[in-house]
Every structure is written in structure tokens, then in C-alpha cells.
Amino acid sequence: MTPAADVTNKRILITGGASGIGAASAKLLASRGAKVVIADLSEEQGQNVAKEAQDNGFDVKFQKVDVTQADSVKALFAFAMKELGGLDVVVNNAGIDHKPAPMHELSDDDFDSNIAVNLKGVWHCMRASIACMAPSGGGHVINVASVAGLRSSPAISAYSASKHGVMGLTKSAAVEYARANLRFNAVCPSFIDTPMVQNTLAKLDERGQNAIIKASPLKRLGKVEEISSAIAWLASDESSFMNGHAFTLDGGMLA
Ligand SMILES: NC(=O)c1ccc[n+]([C@@H]2O[C@H](COP(=O)([O-])OP(=O)(O)OC[C@H]3O[C@@H](n4cnc5c(N)ncnc54)[C@H](O)[C@@H]3O)[C@@H](O)[C@H]2O)c1
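These numbers were taken from a predicted model, which means no experiment stands behind them.

Caption draft 1: How the structure looks around the overall build of the protein chain. Looking only at helices and strands, the protein chain has 8 helices and 7 strands in total. Computed over C-alpha atoms, the radius of gyration of the protein chain comes to 17 Å, within 12% of the 18 Å expected from 2.2 N^0.38 for 255 residues, which places it in the range of a compact globule. Dimensions of the protein chain, computed from the C-alpha atoms along their principal axes, are close to 50 × 40 × 35 Å. A total of 255 residues make up the protein chain; the buried ones form 45% of that total. Contacts in the protein chain between residues at least 24 apart in sequence constitute 74% of all its contacts with a sequence separation of at least 6.

Here you go:
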């Protein structure tokens, strides 16, 4: 068996850690010896994920955050720095879905909410990551973007704009902070089987569901474990020459 990428004792903060990709990443990283803080708007779910991990003997703590609020993000990073004694890796994963509608039918609120969480929330956390990591010699920020950050399709304009923005932030920071030994990469999943996608599927008829489920040449949704294993590799030192990269995990959708 191939040994897993080593993340032993890595100090890792994951936003959106109460559900889906974030929760799966927290569990995998902690099971491989990382010390993890998960943060989420959803307090009860976040506490449950942390408790389940602790019951299995893993080092996972929860802190509530709203990534749209600069003060809340500041408090989160203060908590993580105190609990972990520093930060090696930050996974900016908190995100929301979008209203599926043509661009001209979106309201200001529809557009603003996507940008506030998916783009400005990531920027808040990148800014705080840089402030925490640069003085201590370096670190790695992994942003969870999307294939929608690399190309678009009909009726996803606000979400796609937010994720393209995340790619812009990732590339900008990668070239700006390399001298401070900070790396920035993004993972770009296609449709993954999480509560976010299950909510979308529940609103569609069979034809619509099949269009999503069979969007990739592998003709299935991705599994959260297929994203968390890539995040675990990125979080390890094995990814040390990767910087400013869009790590696409899409079953061949963009091929
Ligand atoms: N599931 C997919 O198919 C897919 C594909 C590409 C990209 N993504 C991205 O992956 C990330 C995780 O998505 P998921 O599918 O696991 O979704 P999910 O809904 O299961 O989890 C998202 C988490 O983010 C949290 N969150 C939302 N707003 C927040 C806020 N303001 N502050 C703090 N936490 C907040 C939610 O409470 C939730 O726990 C998102 O950024 C999403 O855009 C998902």
C-alpha cells in the first residue's frame, strides 16, 4: 500500500468544516495526525463534527465564524493561533450555492450573497492567514474554488464570478507572497456528493438530476473523500513546489 502524505502535527484551520468537503477534510487530516480547528456558521453541526473526531481520539476543535464578517474572521484566527500555537495550513472552504437563474433575473441580494461568502469571505481569511503565517516563516493556503472558477455554464453567473475571483486571489497571492515562503493553491472540484449538491438535486426533475450526475466523463458525482485526499496531499510537504495552481478534480469534465 502507498503510504499517505504525511501531515503529522501540521496545524490546520478549515472553514466550512461542519459539512461536506470541509468536514471530510477535517476528519481525514486529523486521522493522519494533524491538529485541526474547524470553523463554520453552523454551530451545532460544527460541534458535532469536532466531538465525533475527539471521540475517535483525534485533535479537532470547533469555533463559530461568519466569514463575511471581518471581526468574526479576526476572532477565529486569534482562536486558532492560541489553540494550535501557530498555523501551517489554512483551507478556505466555506461557501454557498447560487440561485440557478439567467444573469438578468438575479437580484442584488442573489449576487451579493455569493460574492460576500464565496469571494470576500475567502479574502478575509487569506488576509488573516498572511498576517498570522508570514511572521512565523511561511505556510500554505488552500482555497476551495470550483470548476466554475475556470469556466462557466448557463445560470451560474454569480457563483462562477465568485469562484473566478477566488482563482484571481489565489494567483495574486501566490506571486506576491512567495518570498515570504507562503504558498497559495486552489482545488477546483466538479459536482461532489455533499449536502450542497443534494439540495440542488432535490429541486430538479430526473432529466436535470442526470445532467448534473453525469456531467463528468466518469458519469457520477465525486465523493468527498476524493477531494479531501487531494487536500491532504496539498497540506503535506509533498506539494512543496506547487504554487498558484488550480488543482482540478472533475472526473475529466474540463478535459
Ligand atoms: N459540492 C460540490 O459539488 C462543490 C463543487 C465545487 C466547489 N464546491 C465548493 O466546496 C466548498 C464546500 O462545499 P460543500 O459542497 O462541502 O458544501 P456544504 O454546504 O456541505 O458545506 C459548506 C459549509 O460552509 C458553511 N458556510 C456557509 N456560509 C458560511 C459563512 N458565511 N461563514 C462560515 N461558514 C459558512 C456552511 O454552514 C457549510 O457547513 C464550497 O466553497 C463550494 O462552493 C463544492
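So much for the structure itself; the text now carries on.
Caption draft 2: Quick look at the site of the ligand. Around the ligand there are 29 residues in total, and G16, S19, G20, G95 and T194 lie nearest to it. Elements represented by at least two residues in the shell around the ligand include exactly α1 (20–31), α4 (108–133) and α6 (195–202). Split by residue class, the shell around the ligand holds 15 nonpolar, 12 polar and 2 charged.

Caption draft 3: Spatial organisation of the packing of helix α3 (residues 70–84) against α4. Relative to each other, α3 and α4 sit at 35°, their axes nearing to 10 Å. α3 and α4 meet at a crossing whose hand is right-handed. Across the interface between the two elements, A70, V73, K74, F77 and M81 from α3 touch H124, C125, A128 and C132 from α4. Partitioned by chemical class, the residues of the contact of α3 with α4 number 7 nonpolar, 1 polar and 1 charged.

Caption draft 4: Representation of the nonpolar core in the model. Counting 70 residues, the largest nonpolar core has I12, A26, L29, V36, I38 and A235 as its most contacted members. The residues contacting I12, other than those within four sequence positions of it, are L29, A34, K35, V36, D88, V89, V91 and A235.

Caption draft 5: Focus on unusual backbone geometry. Positive phi is not limited to glycine here, since N9 has a value of about 65°. On the secondary structure map, N9 appears in the segment before β1 (11–15). Overall, the presence of 11 C-beta atoms within 10 Å leaves N9 in the exposed class. Here the phi dihedral of N181 falls at roughly 65°; this positive angle occurs in a residue that is not glycine. In this structure, N181 sits in the loop between α5 (157–176) and β6 (182–189).

Caption draft 6: Looking closely at the sheet that holds strand β4 (residues 89–92). Spatially, the 7 strands line up as an open sheet ordered β3-β2-β1-β4-β5-β6-β7, and their pairing is parallel. Among the strands making up the open sheet, the edge pair consists of β3 (60–64) and β7 (246–249). Between one strand axis and the next, the sheet turns through 20° on average, direction left out of account. When strand β2 (residues 35–40) meets β3, the two strands line up parallel, connected through 5 bridges.

Caption draft 7: Representation of α1. Spanning 12 residues, α1 covers 17 Å between terminal C-alpha atoms, matching the ideal 16 Å at 1.5 Å per step. Counting buried residues in α1 gives 11 out of 12 residues, a clear majority hidden from the surface. Those residues of α1 lying buried are G20, I21, G22, A23, A24, S25, A26, K27, L28, L29 and A30. Positive phi appears at G33, one or two residues downstream of α1, with a value of about 100°.

Caption draft 8: Spotlight on the pairing of β2. For β2, the tally of buried residues reaches 6 of 6 residues, placing the bulk of the element in the interior. The two faces of β2 match: K35, V37 and A39 on one face and V36, I38 and D40 on the other face are all buried. For the crossover from β1 across α1 to β2, the handedness is right-handed.

Caption draft 9: Region of interest: the packing of α4 against α5. Relative orientation of the contacting elements α4 and α5 amounts to 15°, with a least axis distance of 8 Å. One element, α4, and the other, α5, form an angle in the roughly parallel class. Pair α4 / α5 crosses with right-handed handedness. Residues D110, F111, N114, I115, N118, L119, V122, W123 and M126 of α4 lie in contact with α5, whose contacting residues are A158, Y159, S162, K163, G165, V166, L169 and A173. When grouped by side-chain class, the residues that make up the contact of α4 with α5 number 11 nonpolar, 4 polar and 2 charged.

The rules behind these values
- Residues numbered from 1 in each chain as written.
- Predicted model: local features only at pLDDT ≥ 70, side-chain atom pairs only at ≥ 80, totals over all residues.
- Helix = DSSP H or I, 4+ residues; strand = E, 2+ residues; numbered from the N terminus.
- Rg over C-alpha atoms; globule rule 2.2 N^0.38 Å.
- Buried ≥ 20, exposed ≤ 12 C-beta atoms within 10 Å, placed from the backbone.
- Contact = placed C-beta atoms within 7 Å.
- Near = placed C-beta within 6 Å.
- Nonpolar A, V, L, I, M, F, W, Y, C, P; charged D, E, K, R; others polar.
- Axes fitted to C-alpha atoms, helices over the stretch in contact; angles between N-to-C directions.
- Left-handed = near helix turned anticlockwise from the far one by under 90°.
- Core = buried A, V, L, I, M, F, W, Y, C linked by C-beta atoms within 7 Å.
- Pairing = 2+ DSSP bridges.
- Expected span 1.5 Å × (residues − 1).
- Right-handed = clockwise from strand over helix to strand, strands pointing away.
- Parallel < 35°, antiparallel > 145°, perpendicular 65-115°, else oblique.

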